[in-house]
Structures are given as structure tokens and as C-alpha cells.
Amino acid sequence: MTKLKMMLFVLGTSACGVAAQILLKAAINSVQVGVSSGAPFAKKVLTLILSAQFLLAMLFVGLAGVLWVILLAQGTQISSAFPLLSFSSVFVVFIAHFRLGEPLTIPKVVGTLLIILGAILLTCEWGGAS
């Protein structure tokens, strides 16, 4: 598998994972599963599971899994591909800030920069064997 194809599969896997997490959080927020209102917890969970956002999130989780299996089945080294999935965390931090209104703090920004640096270092070829 070419590096470009590997990157596209990893990007697709990450995008599906990010979409799933954002949809799941939005579904939880809309049902207010963790909030103490009068409704029983079990009813809130059932409402959550039957919501369109939750079902779409699960579809994206499944698609991410399928893309990952295809990527690994093509002989891709997991030690090269897996660090790139950490970019999902970077995307989630910024999407959660702009889409869900979560705070974007200095530690989160520094952490995302370290994730990016770490992923780059883990996937670089430093001469010698790759």
C-alpha cells in the first residue's frame, strides 16, 4: 500500500471516529443523560440509544472499524498507522470547542501540539530501516 493510500485510510478512519464522538456527545447533551431531572435514568438511556444522532454515531464507529481492518489487511505496519490516529484527538478538541462550545484552554492547545509532534516523530523515517 502506498503512503498516500495509507494516509487516506487513516484520515478516513479518524474522520469517522471524530464524527462518531461529536455525534455521541451531541446526542447525550440533547437527552441530558447525566442531568438529574425527573425522568428515570433507564428511560433517558433508551431515548439516547433510539436517537438519530446516536444511531448515526454507531454507523460511523462501524465504518471506522471497517476502514481500519482494510488498512491493516493491506499489510500496513500498525506502528506506522496507529500514531496517526492520534490526530483524532486534535480534531476533537477544536470541533468540540467550535461546535459544542467546550472551552479551549492553554493546556489543551499545548497538548494538541505535543500530539502532533509525537505523531510526526513516530512516523518519520530516520534513515536506516523503515
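For every chain, the first residue of the written sequence is number 1, and numbering continues from 1 along that sequence. Two thresholds apply to this predicted model, a pLDDT of at least 70 for residue-level local features and 80 or more for giving and counting side-chain atom pairs, whereas whole-chain, interface and lining totals are computed over all residues. As a rule here, side-chain values cover all heavy atoms of the structure and leave hydrogens and water aside.

Examining the packing of aromatic side chains
Each aromatic ring pair is specified by the distance between its two centres and by the angle formed by the two planes. Pairing of aromatic rings covers Phe, Tyr and Trp, the last through its six-membered ring, and needs centres within 6.5 Å; plane angles under 30 degrees mean stacked, over 60 mean edge-to-face, and all others mean tilted. Enumeration according to the criterion identifies one aromatic pair in this entry. On the numbers, 6.1 Å between centres and 70° between planes, the contact of Trp68 with Phe82 is edge-to-face. One end of the pair, Trp68, is in helix α3 (residues 52-73); the other, Phe82, is in the loop between α4 (78-81) and α5 (87-100), with 14 residues separating them in the sequence. Helical segments are the DSSP runs of H or I of at least four residues, strand segments are the runs of E of at least two, and each set is numbered from the N terminus.

Brief notes about helix α1 (residues 3-31)
Helices are assigned an expected span. That span is 1.5 Å times one less than the residue count. The terminal C-alpha atoms of α1, which comprises 29 residues, lie 42 Å apart, in line with the 42 Å expected from a rise of 1.5 Å per residue. In the stretch just after α1, Gln32 is the one whose phi turns positive, near 55°.

Points about the packing of α1 against α5
Angles shown run from 0 to 180 degrees and are taken between the N-to-C directions of axes, each axis being a line fitted to C-alpha atoms and, for helices, limited to the stretch in contact. It is at 10 Å that the axes of α1 and α5 come closest, and there the two elements cross at 35°. Of the two possible hands of crossing, α1 and α5 adopt the one that is right-handed. Between α1, through Ser14, Val18, Ile22, Lys25 and Ala26, and α5, the contact on the second element is made entirely by Ser88, Phe91, Val92, Ile95, Ala96, Arg99 and Leu100. Three classes are used: nonpolar for Ala, Val, Leu, Ile, Met, Phe, Trp, Tyr, Cys and Pro, charged for Asp, Glu, Lys and Arg, and polar for all others, with Gly counted as polar. Tallied by class, the residues present in the contact of α1 with α5 amount to eight nonpolar, two polar and two charged. Here a crossing is called left-handed whenever its near helix is offset anticlockwise from the far helix by less than a right angle, and right-handed whenever the offset is clockwise. Should any heavy atoms of two residues lie within 4.5 Å, those residues are considered in contact.

Examining the confidence of the model for the chain
Considering every residue of the chain, the mean pLDDT works out to 87; 93% of them sit at 70 or more. The predictor rates its confidence in each residue with pLDDT, a number between 0 and 100. Averaged pLDDT values for the elements of the chain fall to 83 in α4 and rise to 95 in α3.

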